[in-house]
Amino acid sequence: MRLYGIPSEDRAEEITENIKEGEWVSQDLKEGIKELLSSEEAKNKFKELIQQVRKWKEEMSTLTQYTVFIFIDNSQNPNAIKIYDTSSLGCGTNLIPERWRIYRKELEGEFGDN
């Protein structure tokens, strides 16, 4: 699955409104937390993570406003979202592993176990 970087947190916040009804999964890969969410909970979780990215950019003078932490498969109809944290910086072109995933439950085998 191909995901596209969203360089603006404002744009990412607009995309939250495109999250459709259904069951969603949220994963924090660093903490080993996985939870099932409603679409409204998925929107709120995504907004919370967007705020975290904003906070990093405000607090860390080494980050530019165009540093990309948020990746989405489709901005009009998002099904899969990955959010990286600051530990991914300095890895060149390789941003693995991401910190958080939010995705539609039906993608569990394809996206959730990567």
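Residues numbered from 1 in each chain as written. Predicted model: local features only at pLDDT ≥ 70, side-chain atom pairs only at ≥ 80, totals over all residues. Heavy atoms only, no water.

So, the overall build of the chain
The test is simple: Only DSSP runs of H or I with at least four residues qualify as helices, and only runs of E with at least two residues qualify as strands; both kinds are numbered from the N terminus onward. Only heavy atoms matter for contacts: two residues are in contact if any of them lie within 4.5 Å across the pair. To measure how exposed things are, a 1.4 Å probe is used in the Shrake-Rupley method; for residues, cover is taken only from the protein chains shown.
Scanning the chain for helices and strands turns up 3 helices and 6 strands. Its helices and strands in sequence order give the chain the pattern β-α-β-β-α-β-β-β-α, from N to C terminus. Summarising the internal contacts of the chain: among those between residues at least 6 apart in sequence, 57% fall at separations of at least 24. Carbon and sulfur atoms provide 46% of the accessible area of the chain, an area that totals close to 6400 Å².

Focus on the packing of aromatic side chains
What counts is decided by this rule: Pairing of aromatic side chains here covers Phe, Tyr and the six-membered ring of Trp, requires ring centres within 6.5 Å, and sorts the geometry by plane angle: under 30 degrees stacked, over 60 edge-to-face, intermediate tilted.
Counted under the stated rule, the structure contains 3 aromatic pairs. A ring pair is formed by W56 and F69, whose centres lie 5.3 Å apart and whose planes are at 55°; its orientation type is tilted. With W56 in helix α2 (residues 39-59) and F69 in the loop between α2 and β4 (70-72), this pair connects stretches of sequence that are 13 residues apart. Three or more aromatic residues joined by ring pairs make a cluster, and in this case those are W56, F69 and W100.

Overview of the environment of L37
The test is simple: Buried means the residue's accessible area, taken with a 1.4 Å probe over protein chains only, is under 20% of the maximum for its type, while exposed means over 50%, and partly exposed covers the values in between.
Residue placement: L37 occurs in strand β3 (residues 33-37). Judged by its relative accessible area of 9%, L37 is buried. Each C-alpha atom of the pair L37 and R104 lies 9.3 Å from the other, and the pair is 67 residues apart in sequence. Aside from chain neighbours lying at most four places away, what touches L37 is G22, E23, W24, S26, A42 and K45.

Things to note about the side chain of E98
Test applied: We call two N or O atoms a polar contact when they sit within 3.5 Å, provided that within protein one can donate a hydrogen and the other can accept it, with sequence-adjacent residues counted only if both atoms are side-chain atoms.
As for its placement among the helices and strands, E98 is situated in the loop between β5 (80-83) and β6 (100-104). Side chain to side chain, E98 and R101 meet in a polar contact 2.4 Å long. Sequence-distant contacts of E98, defined by excluding residues within four places in its chain, comprise L29, K82, I83 and Y84.

Topic: the confidence of the model for the chain
Test applied: Known as pLDDT, the predictor's confidence for each residue is given on a scale from 0 to 100.
The predicted model of the chain averages 89 in pLDDT, with 89% of residues at 70 or higher. Per-element confidence in the chain is highest for strand β2 (residues 24-28), whose mean pLDDT is 97, and lowest for helix α3 (residues 108-112), whose mean pLDDT is 77.

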